[in-house]
Amino acid sequence: MSISRREWIRTISVSVPAALWERQRPEAAGSDKSFANKRPFSFAAIADIQYCDSAPANNRYYRDSLDRLKRCIEHLNSLRPDFVLLLGDLIDAEFASLERVLTVLRDLTMPFYPVLGNHDVQIEQSRRQQAWRMLGYDRRGRGKGYYDFAHKGWRFVALNGTDVSLLAHRPGTLEYQRAMQWLAQLKGRKAVNAYEWNSGIGPEQVQWLKAALDRATNAGEKAIVFCHYPVFPVSSHVLWNHVEVAGVLEASPATVLYLAGHKHDGDYGVRNGVHYLTLRGMVETPQTAYSVFQVSPDQIRVVGFGREASRELPLAAAGKSAAKTRFNNHPNPSETI
Ligand SMILES: [Zn+2]
């Protein structure tokens, strides 16, 4: 299906009673009154395009992904969200794949913000710096692959989940050794996520995340954090230090939503006032998947396309259900195009 621009604007312009915006976690002084008056807006997100010029395998339609992305971009250009988040694994392999994906992405009429996935960092060593520049990581976030930006009273925080990784660093380097040790520890205690295609966020980035969320709190902003790797619900795909990262997110009164990819069949849970949504991979199955988020002060409405489910993420309810945990990974396909 496709939503007309007029219907779209009507959907996101519903006004929100300020009283609905309540939180159980500590609030930044005086922040919420002004926050409740923030204007609604929308953004889109795409996970795991994972394009490569290869035949389908294991229910992944690598070659088809490029056409799916083209159709998705045409649709998003008609809906005109403010920007698009790319949740990692733009490609399955090879620099040439990245060039083709970026050529298609340039047709977007709004900005896009990427994060790194395990496949993105596996391109030829000689091309990695060039790829880094093409994705804009040299300009954003001091060249570390993580960064944040403000938008209409909200803070968007992009994490580099390939920070401590066997795939992002060359064997023999200190970084590679560090990742080897970490993975060995996880394997030693039979951790559910002890795989080399996962990775962790190092101490420097964890400190930076805390500081970014503190800045958001002090500015009266709510934060949406995005990363390639989920942290909750716990699965074989979560970050190596998912407990630590989720702890930082949930300790901040600013965090309302954590968005991830990597687990192609998606996932969802809510805990301590934070919604954790893992989006389904565009490459997986014969059907596409992407979503648009309609953001207002009291809720975030997810409009799913293809295999992605539509859902409402009530921000006030999330705050009230601090002690509860809810899981929901229902497979019902919603609107399709
Ligand atoms: Zn991945």
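Residues numbered from 1 in each chain as written. Predicted model: local features only at pLDDT ≥ 70, side-chain atom pairs only at ≥ 80, totals over all residues.

Enquirer: Report on the overall build of the protein chain, specifying residues and quantitative values.
Expert: For the protein chain, the helix and strand inventory stands at 9 helices and 13 strands. Taking all 337 residues of the protein chain together, 47% fall into the buried category. Residue pairs at least 24 apart in sequence account for 71% of intrachain contacts in the protein chain once pairs closer than 6 positions are excluded. (Helix = DSSP H or I, 4+ residues; strand = E, 2+ residues; numbered from the N terminus. Buried ≥ 20, exposed ≤ 12 C-beta atoms within 10 Å, placed from the backbone. Contact = placed C-beta atoms within 7 Å.)

Enquirer: So what's going on with the environment of Val-84? Which residues, and what values?
Expert: As for its position among the elements, Val-84 is in strand 2 (residues 84-86). Put simply, Val-84 and Leu-108 are 24 residues apart on the chain and 8.8 Å apart in space, counted from C-alpha to C-alpha. Sequence-distant contacts of Val-84, that is, excluding residues within four places in its chain, are made with Phe-43, Ala-44, Ala-45, Ile-46, Leu-76, Leu-108, Met-110 and Phe-112.

Enquirer: Describe the nonpolar core, with residues and values.
Expert: In terms of nonpolar packing, the biggest core is built from 82 residues, with Ala-45, Ile-46, Leu-87 and Leu-259 touching the most fellow members. Ignoring any residue separated from it by four or fewer positions in sequence, one finds Leu-259 in contact with Ala-45, Leu-85, Leu-87, Ile-224, Phe-226, Leu-277 and Leu-279. (Core = buried A, V, L, I, M, F, W, Y, C linked by C-beta atoms within 7 Å.)

Enquirer: Break down the packing of helix 3 (residues 65-79) against helix 4 (residues 95-105) for me, citing the residues and quoting the values.
Expert: For the pair helix 3 and helix 4, the least separation of the axes is 10 Å and the interaxial angle reads 15 degrees. In terms of orientation, helix 3 lies roughly parallel with respect to helix 4. Of the two possible hands of crossing, helix 3 and helix 4 adopt the one that is right-handed. Across the interface between the two elements, Leu-66, Leu-69, Lys-70 and Ile-73 from helix 3 touch Arg-100, Val-101 and Val-104 from helix 4. (Axes fitted to C-alpha atoms, helices over the stretch in contact; angles between N-to-C directions. Parallel < 35°, antiparallel > 145°, perpendicular 65-115°, else oblique. Left-handed = near helix turned anticlockwise from the far one by under 90°.)

Enquirer: Now, about the sheet that holds strand 1 (residues 41-46): what can you tell me, with residues and values included?
Expert: Strand order across the open sheet formed by 6 strands is 3-2-1-10-11-12, with mixed pairing between neighbours. Strand pairing shows two members of the sheet lacking a second neighbour, strand 3 (112-114) and strand 12 (311-314), which therefore form its edges. Taken pair by pair, the neighbouring strands of this sheet meet at an average axis angle of 20 degrees, ignoring direction. Pairing between strand 1 and strand 10 (residues 289-295): 5 bridges, direction antiparallel. In the sheet register, Ala-45 faces strand 10, and the bridge partner there is Ser-291. (Pairing = 2+ DSSP bridges.)

Enquirer: Could you give me a rundown of the pairing of strand 12, with the residues and numbers involved?
Expert: For a regular strand, side-chain orientation follows a simple rule: the groups alternate between the two sheet faces. Pairing geometry for strand 11 (residues 299-306) and strand 12, over 4 bridges, is antiparallel. Note on strand 12: the bridge partner recorded for Ile-300 is Leu-313. The turn linking strand 11 back onto strand 12 is made up of 4 residues.

Enquirer: Requested: an account of helix 8 (residues 242-251), with residues and values cited.
Expert: Of all the positions in helix 8, only His-242, Val-245, Ala-246 and Leu-249 are classed as buried. Take helix 8 and look down its axis: the buried residues cluster within an arc of 95 degrees, on one side only. Its buried side turned inward, helix 8 meets helix 7 (203-218), strand 6 (222-226), strand 7 (255-260) and strand 9 (274-278). (Arc of directions from axis to C-beta.)

Enquirer: For the packing of helix 7 against helix 8, give the residues involved together with the corresponding values.
Expert: Packing of helix 7 against helix 8 brings their axes to within 10 Å, and their N-to-C directions diverge by 15 degrees. In terms of their interaxial angle, helix 7 and helix 8 are classed as roughly parallel. The interaxial crossing formed by helix 7 with helix 8 has right-handed handedness. Across from Val-206, Leu-209 and Lys-210 in helix 7, the residues of helix 8 making contact are Glu-244, Val-245 and Val-248.

Enquirer: Which residues make up the environment of Thr-278, and what values go with them?
Expert: With respect to the secondary-structure elements, Thr-278 resides in strand 9. Residues Thr-278 and His-228 lie 50 residues apart in sequence; the distance between their C-alpha atoms is 9.0 Å. Aside from chain neighbours lying at most four places away, what touches Thr-278 is Pro-230, Ala-260, Gly-261, Lys-263, Gly-266, Asp-267 and Tyr-268.

Enquirer: Describe in detail the pairing of strand 9, supporting the description with residues and values.
Expert: Burial runs high along strand 9: 5 of the 5 residues are buried. Neither face of strand 9 is exposed, since Val-274, Tyr-276 and Thr-278 on one face and His-275 and Leu-277 on the opposite face are all buried. Note that strand 7 and strand 9 share 4 bridges and pair parallel. When the sheet's bridge partners are listed, Ala-260 is paired in strand 9 with Thr-278. Pairing analysis gives 5 bridges linking strand 8 (residues 267-271) to strand 9, with the strands arranged antiparallel. For Asp-267, the partnering residue across the bridge sits in strand 9 and is Thr-278. Where strand 8 hands over to strand 9, the hairpin turn is made up of 2 residues, of which Asn-272 adopts a positive phi near 45 degrees.

Enquirer: I'd like to hear about the confidence of the model for the protein chain, residue by residue, with values.
Expert: Averaged over every residue, the pLDDT of the protein chain is 87; residues scoring 70 or more account for 83%. Here residues 317-337 is modelled with pLDDT under 50, and outside its nearest four sequence neighbours on either side it reaches 47 contacts, counting other chains as well. (pLDDT = per-residue confidence, 0-100.)

Enquirer: Now, about unusual backbone geometry: what can you tell me, with residues and values included?
Expert: Here Phe-232 and Pro-233 are connected by a cis peptide whose omega angle stands at -10 degrees. Along the chain, Pro-233 falls in the loop between strand 6 and helix 8. With phi around 80 degrees, Glu-94 is a residue other than glycine that occupies positive phi space. Position of Glu-94 relative to the elements: it lies in the loop between strand 2 and helix 4. Owing to 18 C-beta atoms within 10 Å, Glu-94 belongs among the partly exposed residues under this scheme. The phi torsion at Thr-285 lies on the positive side, around 65 degrees, for a residue other than glycine. Tracing the sequence through the fold places Thr-285 in the loop between strand 9 and strand 10.

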